[in-house]
Amino acid sequence: CDAIYATVAQWITTFSASGGSDFSFYQDVATKLNTILDDMGFWKMIGFGITCIIPTLVLAICAFVVKVIAYGRLIEIYILLAVMPIPFAFILDGEGHTNTTKKFVLNFAGVCLQGFLIVIACSLYQYLMSDVITAQYNAITGSGSTSAMELLFTLVLGSVVMVVAVVKCGQWGKQLVNAM
């Protein structure tokens, strides 16, 4: 089980390190958006704020759900590591209980893969949403056209899809190792 844990942890570290971001681009987008917001009148700013309330709530709820699931997987891995000696005590049992150890190892591998799949889902979300931000940046600079509602709808849709993917990671991880 230590080998499974170490291997998946290495995958997560390698995968996470390969997805670096150019934060100067996002700072430039934020600066331009702040300039546009500063140029809005009071009533336009109020209307824009009201328009953004529901998508902001949906995005906050999606972020909360993903964090809860990620922390739940982390706690599940630690609990499985803590109770690992119990199923491994049956490995030499002559009464056919070796299946207990096999099921535990498969379940543990599935939970570790769930963590890796969550990292992949979050990285895909980052790449997809960076395209949305790039489209908004191009609209701000005049080289494209995107409305604020289209941007908010795409962000909300992407966030909901990411939550569904993160929830499904549990099933996918266990299916990959046939632990179901």
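Located above this text is the structure these notes cover.
Structure report, in brief.

Rules behind the numbers
Residues numbered from 1 in each chain as written. Predicted model: local features only at pLDDT ≥ 70, side-chain atom pairs only at ≥ 80, totals over all residues. Heavy atoms only, no water. Helix = DSSP H or I, 4+ residues; strand = E, 2+ residues; numbered from the N terminus. Buried < 20%, exposed > 50% of the residue type's maximum accessible area, 1.4 Å probe, protein only. Contact = heavy atoms within 4.5 Å. Areas by Shrake-Rupley, 256 points an atom, 1.4 Å probe, with all protein chains shown as cover. Core = buried A, V, L, I, M, F, W, Y, C linked by side-chain atoms within 4.5 Å. Polar contact = N/O pair within 3.5 Å; in protein donor to acceptor, adjacent residues only side chain to side chain. Phe/Tyr/Trp six-rings, centres within 6.5 Å; stacked < 30°, edge-to-face > 60°.

### Concerning the overall build of the chain
For step 1, the next point in the chain: Along the backbone of the chain there are 6 helices and 0 strands.
For step 2, the next point in the chain: Counting helices and strands in the order they occur from the N terminus, the chain gives α-α-α-α-α-α.
For step 3, the next point in the chain: Sorting the 180 residues of the chain into buried and exposed places 27% on the buried side.
For step 4, the next point in the chain: The contacts of the chain with a sequence gap of at least 6 include a subset with a gap of at least 24, amounting to 80%.
For step 5, the next point in the chain: For the chain, the accessible surface area stands at approximately 11,300 Å², while carbon and sulfur atoms represent 69% of it.

### A closer look at the nonpolar core
Soluble, globular proteins show a tendency: their nonpolar side chains are buried together.
For step 1, the next point in the chain: The biggest cluster of nonpolar side chains holds 11 residues, and these are Cys62, Val66, Ile69, Leu117, Ile118, Ala121, Met162, Val163, Ala165, Val166 and Cys169.
For step 2, the next point in the chain: Of all the secondary structure elements, the ones that give two or more residues to this core are helix H3 (42–82), helix H5 (98–141) and helix H6 (148–176).
For step 3, the next point in the chain: Contact partners of alanine 121, with chain neighbours within four places excluded, come to Met162, Ala165, Val166 and Cys169.
For step 4, the next point in the chain: Membership of the second largest hydrophobic core comes to 7 residues, among which are Ile77, Met84, Phe104 and Val111.

### Quick look at the side chain of serine 159
For step 1, the next point in the chain: Looking at the element boundaries, serine 159 is found in helix H6.
For step 2, the next point in the chain: Here leucine 155 takes part through its backbone oxygen, which lies 2.8 Å from a polar atom of the side chain of serine 159.
For step 3, the next point in the chain: If we ignore the near neighbours within four places in the chain, the residues touching serine 159 are Leu59, Cys62 and Tyr125.

### So, the packing of aromatic side chains
For step 1, the next point in the chain: Scanning all chains against the criterion turns up 1 aromatic pair.
For step 2, the next point in the chain: Relative to phenylalanine 108, the ring of phenylalanine 104 lies with its centre 6.3 Å away and its plane at 15°, an arrangement referred to as stacked. Taken as a pair, phenylalanine 104 and phenylalanine 108 lie in helix H5 at a separation of 4 residues, close to a single helical turn.
For step 3, the next point in the chain: Assessed through its relative accessible area of 10%, phenylalanine 104 is described here as buried.

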